[in-house]
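# Summary of structural features
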Amino acid sequence: MPSAFTSAHRSTFRSDIAGLRTIAIVSVVLVHAGVSWIPGGFVGVDVFFVISGFLITGQLLRENEATGRLNLPEFWARRARRLFPALAFVAVTVLAVSPFIFSPLELKELASQAVAAVLSASNVLFAFQAADYFGHEVQESPFLHTWSLGVEEQFYLALPLLFLIISWAARQLRWSMRLVALLSLVSCLAVSFAASAALTPEHPFWAFYTIPTRAWEFAAGGILAVVIGAVNLSRTTAAVVASTGAAAIVVSCLFIGANQPFPGVMAALPAAGALLVILGGSTPNRMSSLFGTKLMVWTGERSYSWYLWHWPAVVLVSVSFDVHSVWLGLAASALALGLAHATFLWVESPIRVSKALRASKRATYTAMSAGFVVCVLASAGIYAGGTLASTTGENRTWLAVREQGAPQACPERRHADSGIAYCVSGSTDAAKTVMVIGDSHAAQWVPTLARVGAEDGFRLVIRALDACPAADVTVLAHGAVYSDCDYFHRETEALIYELRPEVVLTANSNSYVGQIPDNAGSVKSVATQSRLWRAGFASIIEAARDSGAVAAVIDDTPRPGGDAGVCVTRPGGTEQGCSPTRSRAFEDIATLRDAERAVQEQWTINHVLSFDDHLCPTDTCLIADGGIPVFTDSNHLSQVWVTAQEPKVRDFISAALKAAISTP
């Protein structure tokens, strides 16, 4: 993370803060390398945010108190010299090697992410991309980690402007600068923290990636910078305070997990830990001496460059070898530290202390602008190359299915007499009704079911919600209970009884293990989740039977083991090499599939459409079927392949409808 890595004035340099940076960067590196015993290592970013708030607020206060004014062009020039050169160097290097590692289908997205990174806006881009349910996964982007740099740099833009207002208000009110700054920062903290708590459960990606819900962490550091001069701790008290802070950070790293809602209120623990370490270090003590050892300071001074390099190294190495292991992640992280040291010596430090650039703001802005142009040109070249390569040979076929986007699952919206909304297609005014229920794995069958309905004379009623299965279970979405899904289940069951369809057809993903909490909201063992899923699936089958409908099921399909199109079109990728073994294809869905099978046997469900043997005719499963790509990503089916299954779907639905008609 940026400003947290070095102090602007060597006279105010605190070696213990350099050591705190080391704790933060090591925790981030370990969790990104895949070390399982530190699941909350990502809170190192929150520690960096607090450090930045403390250092930059202190710097602005000292400048204002020493000169009576703020030189914002000079402030931003210092920030640019400190941060941009290393970022631009890493971005251009990653772009240069990307065509040798990534698929042409990925290069356009990488190019746009690189531009967003150097524009300090990648956090907003990743919030959009992560929130897009059908967007391609961003976890393998070598620029994903730059979201936090975007948040930091937006803070660097906003805080000096806030201080101009604070300075003006202090003069008008004839109050001290520190008092107005304190009141302003406390207000910022309160509003931002409340926003974080409120938005995290409902909009987790926007809460995680954007400045409004992260500003309170910077404000907390800023508040400490305002008041720390008035605090005088004894050595013993300071050691206890710093030790308590360090313990809070360690507890956060060990016990906060990726499946928990974050930042929310939970980020307060690592943020408070960072504050206590900084506060305790204001009086020299044994704990601050431990943080200020030579190795801790050495690593802390290189933490910005290490942060820049560590995630690209992990991603590039794991993609190159097509292996995701802790040891490989640690090796890549060690390589990144070597690259960071070189970058620190030959890029970061020389430009930061350059006499020519420090003597002239114009020279600084000109040099940084030139670097930005180089980054944009490199990104444009990668974008153009990816676009061209995507339209040639086999790449064109896989590009076509990826660009189809999500299927149209709601051609026409209607409301039942009860007011419950549903979608309708097929022969919309037919006497016979088939109701399809589920998540996006149900929605992917809607266009084909609609065509069959239009030709065979039945109405298709659609109840589909992304990431919400047909099984009546509570699920988590990004660590928070998916309350919309619970509401969807209640309405769907009521609609079954109200519309009384001839056939109730369920289809959903079986990859919800790890997202099924108990009544207390905690995710328990796999066996417990399987039991909950079985009960929830039985509930929807029971509702269908009680309403007089025939229950039918489209089984979830085996997985390709990753993004099939990306795998095939990466350098050296082949269809055969990317086809998963049968065990791997069923690995993620076996538990919940077995739970559903048990319900199917219990309720004697005779109408089940399975493509298991079709897609896995041997011990190797298909990712392309007769030249047709089966998948658009890591789990959704391509509409081209689904359309090709129309005869099977027609026979399946026809048999279920005949059973419904013959049932008294």
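Given the structure is predicted, the values throughout are model-derived calculations rather than measurements. (Residues numbered from 1 in each chain as written. Predicted model: local features only at pLDDT ≥ 70, side-chain atom pairs only at ≥ 80, totals over all residues. Heavy atoms only, no water.)

The next subject is the overall build of the protein chain. From N to C terminus, the protein chain includes 29 helices and 11 strands. For a compact globule of 664 residues, the expected C-alpha radius of gyration is about 26 Å, and the protein chain comes in at 28 Å, within 12% of that figure. Principal-axis analysis of the C-alpha atoms gives the protein chain an extent of 90 × 50 × 45 Å. Looking at the protein chain residue by residue over its 664 residues, the buried ones come to 54%. Counting only contacts in the protein chain whose residues sit at least 6 apart along the sequence, the fraction spanning at least 24 positions is 79%. In the form shown here, the protein chain has an accessible surface area of approximately 27,000 Å², with 61% of it arising from carbon and sulfur atoms. (Helix = DSSP H or I, 4+ residues; strand = E, 2+ residues; numbered from the N terminus. Rg over C-alpha atoms; globule rule 2.2 N^0.38 Å. Buried < 20%, exposed > 50% of the residue type's maximum accessible area, 1.4 Å probe, protein only. Contact = heavy atoms within 4.5 Å. Areas by Shrake-Rupley, 256 points an atom, 1.4 Å probe, with all protein chains shown as cover.)

Here the focus is the nonpolar core. The biggest cluster of nonpolar side chains holds 109 residues, and the ones touching the most others in it are Leu20 and Phe163. With 44 residues, the next largest nonpolar core counts Leu399, Val630, Val642 and Ile653 among its residues. (Core = buried A, V, L, I, M, F, W, Y, C linked by side-chain atoms within 4.5 Å.)

What follows covers the packing of aromatic side chains. One pass over the full model with this rule turns up 14 aromatic pairs. Summarising the aromatic geometry, the rings of Phe49 and Phe218 are spaced 4.7 Å apart at their centres and angled 35° between planes, so their arrangement reads as tilted. Of this pair, Phe49 sits in helix 2 (residues 44-67) while Phe218 sits in helix 9 (residues 215-227), placing them 169 residues apart in sequence. Both rings, one in Phe155 and one in Tyr156, keep their centres 5.7 Å apart while their planes meet at 55°; by these two values the pair is tilted. Accessibility classification places Phe155 together with Tyr156 in one group, the buried group. One aromatic cluster is present, formed by Phe49, Trp147, Phe155, Tyr156, Phe208, Tyr209 and Phe218 through successive ring pairs. (Phe/Tyr/Trp six-rings, centres within 6.5 Å; stacked < 30°, edge-to-face > 60°.)

What follows covers the confidence of the model for the protein chain. Close reading of the predicted structure is inappropriate where its pLDDT is low. For the protein chain, the mean per-residue pLDDT works out to 94, and 97% of the residues sit at or above 70. The low-confidence segment residues 1-11 (pLDDT under 50) makes 46 contacts with residues lying over four places distant or belonging to another chain. (pLDDT = per-residue confidence, 0-100.)

Before going further, it helps to spend a moment on the state of the cysteines. According to the stated counting rule, one finds four disulfides in the structure shown. In this model Cys567 forms its disulfide with Cys578; the gap between the sulfur atoms is 2.0 Å. What sets the handedness of the Cys567 and Cys578 disulfide is the S-S torsion sign, and at about -90° it is left-handed. Highlighted residues: Cys567 in helix 23 (residues 564-569) and Cys578 in helix 24 (residues 575-578), separated in sequence by 11 residues. Here Cys616 engages in a disulfide with Cys621; their sulfurs sit 2.0 Å apart. Taking the sign of the S-S torsion, 105° for the link of Cys616 and Cys621, the bridge is right-handed. (Disulfide = S-S within 2.5 Å.)

As a further point, take the pairing of strand 1 (residues 412-415). Here four bridges tie strand 1 to strand 2 (residues 421-426), and the two strands are oriented antiparallel to one another. Each bridged residue has a counterpart across the sheet, and for Arg413 the counterpart in strand 2 is Cys423. What sits between strand 1 and strand 2 in their antiparallel hairpin is a turn of five residues, with Gly419 showing a positive phi close to 95°. (Pairing = 2+ DSSP bridges.)

For the coordinates displayed, the defined rule picks out 25 salt bridges. Between Arg14 and Asp16 there is a salt bridge, and its shortest N-O distance comes to 2.7 Å. Judged by relative accessible area, Arg14 falls into the buried class, the value being 18%. Glu65 serves as the salt-bridge partner of Arg178, at 2.7 Å between the closest nitrogen and oxygen. Here Arg178 is found in helix 7 (residues 177-202), whereas its partner Glu65 is found in helix 2, with 113 residues between them in sequence. Where salt bridges share partners, they join Arg451, Glu455, Asp456, Glu646 and Arg650 into one cluster. (Salt bridge = Lys/Arg side-chain N within 4 Å of Asp/Glu carboxyl O.)

On to the side chain of Ser167, then. Following the sequence through the fold, Ser167 ends up in helix 6 (residues 147-173). For Ser167, a relative accessible area of 10% puts it in the buried group. Those residues in contact with Ser167 that sit more than four places away from it in its chain are Asn64 and Met177.

Turning to the sheet that holds strand 3 (residues 433-438), a few remarks are in order. Taken together, seven strands build an open sheet; the order of strands is 1-2-4-3-7-8-9 and the sheet is mixed. Edge strands, defined here as strands with exactly one partner in the open sheet, are strand 1 and strand 9 (607-609). Within the sheet, the average angular offset between the axes of one strand and its neighbour, ignoring direction, is 30°. Summarising the sheet, strand 2 and strand 4 (residues 459-464) pair through four bridges and their orientation is antiparallel. Counterpart to Gly426 in the pairing with strand 4 is Arg459. Here helix 22 (residues 526-546) sits on the sheet and contacts strand 3, strand 7 (503-507) and strand 8 (550-554); the angle it forms with strand 8, its principal contact strand, is near 140°. (Axes fitted to C-alpha atoms, helices over the stretch in contact; angles between N-to-C directions.)

Attention now moves to helix 22. Helix length check: helix 22 (21 residues) gives 30 Å between terminal C-alpha atoms against 30 Å at 1.5 Å per residue, within 8%. Where helix 22 is concerned, the buried positions are Thr528, Gln529, Ser530, Trp533, Gly536, Phe537, Ala538, Ile540, Ile541, Ala543 and Ala544. Its buried side turned inward, helix 22 meets strand 3, helix 21 (483-499), strand 7, strand 8 and helix 26 (590-602). (Expected span 1.5 Å × (residues − 1).)

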